[in-house]
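Close look at the chain arrangement
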Amino acid sequence: MTLTPLVHWAQRHEEIFLRVELTDAQVSTLTWLLLALLFRAQGYGAKGLHEYEFSLEFLFPVKPQVRHKSTQRQVNLTVQKERRGWWERLTLQERRPVFLTPDFDRWLDESDAEMEIWEKDEKRRFISLKTAFLFMYNLVQFLGFSWIFVNMTVRLFIFGRDSLYDTFHTMSDIMFFCQILASVEVLNAAFGVVRTALIPTFIQVIGRNFILFIILGSLEEMHHRPVVFFVFYLWSTIEIFRYPFYMLGCCNTEWKTLTWLRYTVWIPLYPLGVLAEAVAVIQSIPIFDETRLFRIPLPKVIGTSVSFSYVLHVYLIFMFLGLFINFRHLYKQRKKRFRTKKRKAN
């Protein structure tokens, strides 16, 4: 009876390393068959001297050449990846576990082999479509926010302080488009298209759309306020680093400088952005009182209505609560990112 040994794995951008816990092992079989790595050896494992074997179906394609080296304490295997990049896990989530059988050449019959290959092709096709969709989404958002950032910067240098008063009329259309499109991020998080927390994403997207459409868009008196410039400029500054980082992630590529900026620039900019949003809300409160816009009707028995400004006072409280939630989430992301990179470097 053959047993399954203890196997550890690690990775680089180009390679996968497997460490099989077998002492004084004599490798008898090391074969690549139907995209699966098949290993068999005799040595001293957890249950003494026995025949040990295992099989692995990798998450993504790898090259068939497998290098191995047996030492007195373990067997080291090196597998080359077809594409550079970090894997989230080593193997596919299969319908059933696959182990080697004593009849090594017939461990998988033809019909089952065809089904396995079809399933892998379908999964890879889905991954490719998802990657293309995410890349295009991030590219469009990057171009939109870059257009806003560059135009606002150029206008600031050319017109000086005068550019602060017409930001809404010159930039609002593109900002409307980008923020409406940002709602896709909530759907992506909700349906598991991307691995990110739903609540912080929802808070950010809904909060920004509330400021843009309700506070700034619905009040003509707010269109010429300088606070619009600071809100738009801070939003776009954050996004011109965030979206290209995600674009490179779709290609399994990393630019260390961009990674550092993506996980660092939010530290000063995010609180400043929330502060600018709060200033916009405070400036809009007397306007809502005066115009009676969005007043909340009450039952006829009471015979009055409630000003929308009361809602804004409550919103200010939730705004800073959301700042705390998102700031903690972003800090944990940054800490996890650079702690993981430090471990990999070591």
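Residues numbered from 1 in each chain as written. Predicted model: local features only at pLDDT ≥ 70, side-chain atom pairs only at ≥ 80, totals over all residues. Heavy atoms only, no water.

Looking at an unreviewed UniProt entry, one finds the chain named Very-long-chain (3R)-3-hydroxyacyl-CoA dehydratase, with Nothobranchius furzeri as its source organism. Of the chain, the UniProt comment under Subcellular location (unreviewed entry) reads exactly: "Endoplasmic reticulum membrane". Annotation of the chain in UniProt includes, under Sequence similarities (unreviewed entry), the sentence "Belongs to the very long-chain fatty acids dehydratase HACD family." (UniProt positions renumbered as here; feature names shortened; annotations may be inferred.)

Before going further, it helps to examine the packing of helix α2 (residues 167-181) against helix α4 (residues 198-216). Running from amino to carboxyl end, α2 crosses α4 at an angle of 140 degrees, the nearest separation of the two axes being 11 Å. By the angle between their axes, α2 is oblique relative to α4. For the element pair α2 and α4, the recorded crossing hand is left-handed. Contacts between α2 and α4 pair Phe 168, Met 175, Phe 176, Gln 179 and Ile 180 from the former with Arg 208, Asn 209, Leu 212, Phe 213 and Leu 216 from the latter. Looking at the contact of α2 with α4 residue by residue, the classes come out as 7 nonpolar, 2 polar and 1 charged. (Axes fitted to C-alpha atoms, helices over the stretch in contact; angles between N-to-C directions. Helix = DSSP H or I, 4+ residues; strand = E, 2+ residues; numbered from the N terminus. Parallel < 35°, antiparallel > 145°, perpendicular 65-115°, else oblique. Left-handed = near helix turned anticlockwise from the far one by under 90°. Contact = heavy atoms within 4.5 Å. Nonpolar A, V, L, I, M, F, W, Y, C, P; charged D, E, K, R; others polar.)

What follows covers the sheet that holds strand β7 (residues 75-81). Strand order in the open sheet formed by 4 strands is β1-β2-β7-β6, and the pairing between neighbours is antiparallel. Because the sheet does not close on itself, it has two edges, and the strands there are β1 (7-11) and β6 (62-70). Each strand axis lies, on average, 20 degrees off the axis of its neighbour in the sheet, ignoring direction. With 6 bridges connecting them, strand β2 (residues 15-20) and β7 associate as antiparallel partners. Looking at β7, one finds that Glu 15 is bridged to Gln 80. (Pairing = 2+ DSSP bridges.)

A word on a negative patch on the surface. A surface patch of like charges, here negative, comprises Glu 220, Glu 221, Asp 289 and Glu 290. Looking at Glu 221, the relative accessible area reads 41%, which means it is partly exposed. (Patch = residues over 30% accessible without salt bridge, like charges linked within 9 Å, V, L, I, M, F, W, Y side chains within 5 Å. Areas by Shrake-Rupley, 256 points an atom, 1.4 Å probe, with all protein chains shown as cover. Salt bridge = Lys/Arg side-chain N within 4 Å of Asp/Glu carboxyl O. Lys, Arg positive; Asp, Glu negative; His and termini not counted. Charge placed at Lys NZ, Arg CZ, Asp CG, Glu CD. Buried < 20%, exposed > 50% of the residue type's maximum accessible area, 1.4 Å probe, protein only.)

For the pair α2 and helix α5 (residues 226-250), the least separation of the axes is 11 Å and the interaxial angle reads 40 degrees. Judged by the inter-axis angle, α2 sits oblique to α5. By crossing handedness, the relation of α2 to α5 is classed as left-handed. Here α2 contributes Thr 167, Phe 168, Met 171, Ser 172, Met 175 and Gln 179 to the contact with α5, which in turn contributes Val 228, Phe 229, Phe 232 and Trp 235. Looking at the contact of α2 with α5 residue by residue, the class counts come to 7 nonpolar, 3 polar and no charged.

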